[in-house]
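# A structural walkthrough
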Amino acid sequence: MSPKTECLAMLLAGGQGSRLGVLTKNIAKPAVPYGGKYRIIDFPLSNCVNSGIDTVGVLTQYQPLELNDYIGNGQPWDLDRANGGVHILPPYQQISGTQWYKNTANAIYQNMQFIERYAPEYVLILSGDHIYKMNYAKMLNYHKEKRAACTIAMLEVPWEEASRFGLMLVDEAGAITAFEEKPPEPHSNKASMGVYIFTWETLRRYLIADEENPASGNDFGRDLIPAMHAAGERLFAYAFRGYWKDVGTVDSLWEANLDLLNPRVNLDLSGSSWKIYSRNASAPPHYVAPEATVQNAMIAEGCEIEGSVDFSVIFSHVCVGKGAVVRDSIIMPGAKIQENAVVQYAIVAEDAVVGAEAIVGERPEDVENLEEWGVAVVGPGVSIGEGVTVPPKAMVEHDLEGGGI
């Protein structure tokens, strides 16, 4: 018999992340490296433990092996508990076979038995692909004060970006009066962050009704929450004003990493008051050769830098050879940039090799037609041959030898 817990977290980490292309070919999106020493899932897990929520279910589905290994028993996040802790929850296996998670609400529906083990009063629903620091305990207190059935974390976004988000209309008391799902002409800039707190007794009832509705897409934002609103349930928005980034695309992942180098961006990963924990093997200090130049960059442990690095995030065990230039780029763990290679406005994935004299990516000011420009991506383990040119916006999935693409 598991002990009761006031609030249990369910972390949705099963998404394919297809917009990240080769970066998520063999790993789930929440396992993608970020910020020199982290992975994306470190943020919601660290937020949970920092907020005093110590029972977390992690719902996995697409390419879960590396993510499962990374989470392990939850020890790096202090979630290796005898009671509660972190639990990996793959799709539910029944006598008739395994039923894949159809969508976000269905994923929680399939794990109602797990939730009932802890008899929570409240359930926190999280996404595994956002970069942010947030105190969920404050949001829970707000939920209680409002006697809400559902509270949705809300972030005001620039009006020119509002049509990319699910939006809410909110009255002076914080009550949600209407929803707009990615409208072409938005009437609000108050966007849902995909962070929800539900009173469990109410959520349980709506999960069952949603599953029994053949017309439902079984999604929280599109189906279940609008159904609650239509039924007159108490729905409230909780205003969040810190840094938040959905890293679902190559461009947003690249931007979120380089935001760490921008002093105007409020995202301090070194702060002890709200630490972001991660599972990292220890590595020796990085080495920067006397002839190397490094400016405004983040260099992780175990790196060897003999070339030039500018405005870039360099993960652990990366080698940058003599005469090589890395600028405005993300170089993930174990990658090698060989002598006199140039990498700019690019993401080079884990264990990839950029050969000597090769060129990956291009600066936007050097491209005649900006529509043809974008961040270049070299996939995990891919080798770019000596002298090969990889143009902007390219996504390289296989080894390239000679010439270019």
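Here's a quick rundown of the structure. On a predicted model such as this, the values are computed, not experimentally measured, just so you know. (Residues numbered from 1 in each chain as written. Predicted model: local features only at pLDDT ≥ 70, side-chain atom pairs only at ≥ 80, totals over all residues. Heavy atoms only, no water.)

All right, on to the overall build of the chain then. When you go through the chain residue by residue, the secondary structure sums to 8 helices and 33 strands. Rg of the C-alpha trace for the chain: 22 Å, near the compact-globule value of 22 Å for 405 residues, within the 12% margin. Overall, the chain is about 65 × 50 × 45 Å in size when its C-alpha atoms are taken along their principal axes. Partitioning the contacts of the chain with sequence separation of at least 6, the portion at a separation of at least 24 is 57%. Carbon and sulfur atoms make up 47% of the accessible area of the chain, which totals about 18,100 Å². The chain carries 31 positive and 51 negative side-chain charges, and their two centres are separated by 8 Å. (Helix = DSSP H or I, 4+ residues; strand = E, 2+ residues; numbered from the N terminus. Rg over C-alpha atoms; globule rule 2.2 N^0.38 Å. Contact = heavy atoms within 4.5 Å. Areas by Shrake-Rupley, 256 points an atom, 1.4 Å probe, with all protein chains shown as cover. Lys, Arg positive; Asp, Glu negative; His and termini not counted. Charge placed at Lys NZ, Arg CZ, Asp CG, Glu CD.)

Strand pairing in a sheet relies on backbone hydrogen bonds. The paired strands run either parallel or antiparallel. On the basis of which strands lie adjacent, the open sheet formed by 6 strands has the order β18-β21-β24-β27-β30-β33 and parallel pairing. The strands lining the two open edges of the sheet, one partner per strand, are β18 (298-299) and β33 (395-396). The pairing of β18 with strand β21 (residues 313-314) spans 2 bridges and is classified as parallel. Note that in β21 the partner of I299 across the bridge is I314. (Pairing = 2+ DSSP bridges.)

The subject of this paragraph is unusual backbone geometry. We note that H317 has phi near 60°; this positive angle belongs to a residue other than glycine. Following the sequence through the fold, H317 ends up in the loop between β21 and β22 (319-320). Looking at H317, the relative accessible area reads 41%, which means it is partly exposed. Phi angles above zero are rare outside glycine, and Y345 is one such case at about 50°. With respect to the helices and strands, the residue Y345 is situated in the loop between β26 (342-344) and β27 (346-348). (Buried < 20%, exposed > 50% of the residue type's maximum accessible area, 1.4 Å probe, protein only.)

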